[in-house]
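# Structural description and commentary
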Amino acid sequence: MTGVTNEPRAASWLAAIWAARYRTPARFVALIALLLPWTTTGLTFALIPWLIAFAFVDLRAFPRSLLRPICLLPIALVALAAVGTLWSDAPWPERIHAIGPAAKLLVIPLLIYQFERWPYGHWVFSAFLASCAALMLYSFAVAIDPALSLKLYLSRGPFRVESGIAVRNYIDQSQEFALCVLALVYPVVSLLRQRRAATAALFAVLAIGFLANMIFVVVSRTALVTLPILVVLFALLYLRLRAALLAAGAMALSAVLLFGVSPHLRTTVAKFQADYETSVQDSQVSGMGSRLEYWRKSLRFIADAPLVGHGTGSIRGLFASVAADAKIDPLRGEIVSNPHNQTLSVAVQWGIVGVLILYALWFAHLSLFRGAGLASWIGLLVVVQNMLTSLLNTHLFDFTPGWIYVLGVGVAGGMALARKTQN
């Protein structure tokens, strides 16, 4: 009798272990989301066990799922980057290295396939939110004492400790906090409509914490420009006309009041004009002025090879070929491998063909998130934020913003597709 009773028990344990193969990849994706705001190396190591765990799931329908535009276009952009090495004049190590920023897009089809089938996407969003909340609190501590910054221990190469920057840089931190603020707006509004005021208040306090950090501690100008646009997008999509107008008015009034009480915010806004004057009048390197110079030169490079560009990894060599003497003209003597605009970065390397694939990718992913639900809002938010910030940066190819895009589109895209299938 003992053997009989043990057999079903053993079978149930084996069944539980076998069923866990579906949850395990989701746990590793949640771990990646948890590490993303803090470390690049840790995220890279977390990818390896996730890929191993992913290989044990049911992949019979996977090849067919890759034929959808939402999956095929990221693959096409990476393939173009690989093929583009053939006509580039850059040294081969630079060509190979330049494929890397685009290669992360190959993860999107894997995530979509996984989270279209298994309902664990909320683990990923919760992990990212919790990690950003911890980073926000730590940022306040670093604002009080910059010596607490983890950059002292985690950063490689030259860096300087800045007030409020716990790890990496203020651009990545602002990108993450702005995303959390706007993502939290949806559950706050939904919970208030359900008369769950206590939970809504908890999320609202968290959103206010992120916003306060951006206003009084540190914020990027890119986030300042894009945040109001994304708020308006939410109001148009999810609020009635009267509520949307009230929200717009409240946002404008809040912006005026905050501008008056935050010296940090006033300094950040004033830097637009200061950068322009520094570059135009004094020919000195500055954030905005340098971008204008990068864009001017990039347009000239594109005109020289409009169809398929100059090839993968060619940007730095092109800037070096037209650089002035840096001692005489520091602004025009800069040699960079990043023109700080996603479209220009793609066009210089892969021409019109690359730009068409890039914009098709963005719009295919936008169309994926039509409809209601938190996953659709997060996915839409991630894509629109990436498109807007890519006007001033190469955020699809940069590490942290690029991985935010990959995780956001992959996880939310799979959840949105699953919801449409259930309906």
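Relevant structure appears above.
For the structure given in this document, a descriptive report is provided here. (Residues numbered from 1 in each chain as written. Predicted model: local features only at pLDDT ≥ 70, side-chain atom pairs only at ≥ 80, totals over all residues. Heavy atoms only, no water.)

### A few points about unusual backbone geometry
Positive phi outside glycine occurs at R195, with the angle close to 65 degrees. Position of R195 relative to the elements: it lies in the loop between α9 (170–193) and α10 (197–216). For H340, which is not glycine, the phi torsion reads 60 degrees and is therefore positive. Looking at the secondary structure, you find H340 in the loop between α15 (315–321) and α16 (342–368). (Helix = DSSP H or I, 4+ residues; strand = E, 2+ residues; numbered from the N terminus.)

### Examining the nonpolar core
Of all hydrophobic cores here, the largest spans 106 residues; its most connected members are W50, F210 and Y405. In terms of residue count, α16 provides more of this core than any other element does, 13 residues in total. For Y405, the residues in contact, after removing those within four places along its chain, are I108, L361, W362, H365, V382, V383, N386, L396 and G410. (Core = buried A, V, L, I, M, F, W, Y, C linked by side-chain atoms within 4.5 Å. Buried < 20%, exposed > 50% of the residue type's maximum accessible area, 1.4 Å probe, protein only. Contact = heavy atoms within 4.5 Å.)

### Quick look at the packing of α9 against α10
At a minimum axis distance of 9 Å, the contact between α9 and α10 shows a crossing angle of 160 degrees. As the angle between them shows, α9 and α10 are arranged roughly antiparallel. Of the two possible hands of crossing, α9 and α10 adopt the one that is left-handed. Taking contact as the criterion, the partners of Q173, S174, F177, A178, C180, V181, L184, P187, V188, L191 and L192 in α9 are, on α10, A197, T199, A200, F203, A204, L206, A207, F210, L211, N213 and M214. Class assignment for the residues of the contact of α9 with α10 results in 18 nonpolar, four polar and no charged. (Axes fitted to C-alpha atoms, helices over the stretch in contact; angles between N-to-C directions. Parallel < 35°, antiparallel > 145°, perpendicular 65-115°, else oblique. Left-handed = near helix turned anticlockwise from the far one by under 90°. Nonpolar A, V, L, I, M, F, W, Y, C, P; charged D, E, K, R; others polar.)

### Let's talk about the environment of A364
Looking at where A364 falls in the secondary structure, it is placed in helix α16. In this structure the C-alpha to C-alpha distance between A364 and R68, which are 296 residues apart in sequence, comes to 9.7 Å. Each residue touching A364, except ones within four places of it in the same chain, is listed here: I70 and L73.

### Here's the deal with the side chain of Q173
Structurally, Q173 is set in helix α9. Among the residues examined, Q173 registers a relative accessible area of 2% and is labelled buried. With residues near it in sequence (within four places) discarded, Q173 still touches S139, G164, I165, A166, N213 and V218.

### As for the pattern of salt bridges
Side-chain pairs of opposite charge can arise whenever the charged atoms involved come near each other. Taken as a whole, this structure holds four salt bridges when the rule is applied. Close ionic contact of R68 with E116 constitutes a salt bridge, the shortest N to O distance being 3.2 Å. Taken as a pair, R68 in the loop between α3 (62–65) and α4 (69–83) and E116 in helix α6 (residues 107–117) lie far apart in primary sequence, 48 residues in all. One salt bridge connects R296 with E293, and the closest N-O pair in it is separated by 2.6 Å. Pair noted here: R296 and E293 are both in helix α14 (residues 287–304), with a separation of three residues, about one helical turn. E293 gets classed as buried once you look at its relative accessible area, which sits at 5%. Taken together, the shared-partner salt bridges connect R68, E116 and R117 into one network. (Salt bridge = Lys/Arg side-chain N within 4 Å of Asp/Glu carboxyl O.)

### Notes on the side chain of S298
In this structure, S298 sits in helix α14. Setting aside its immediate chain neighbours within four residues, S298 contacts F319, P339, L344 and V348.

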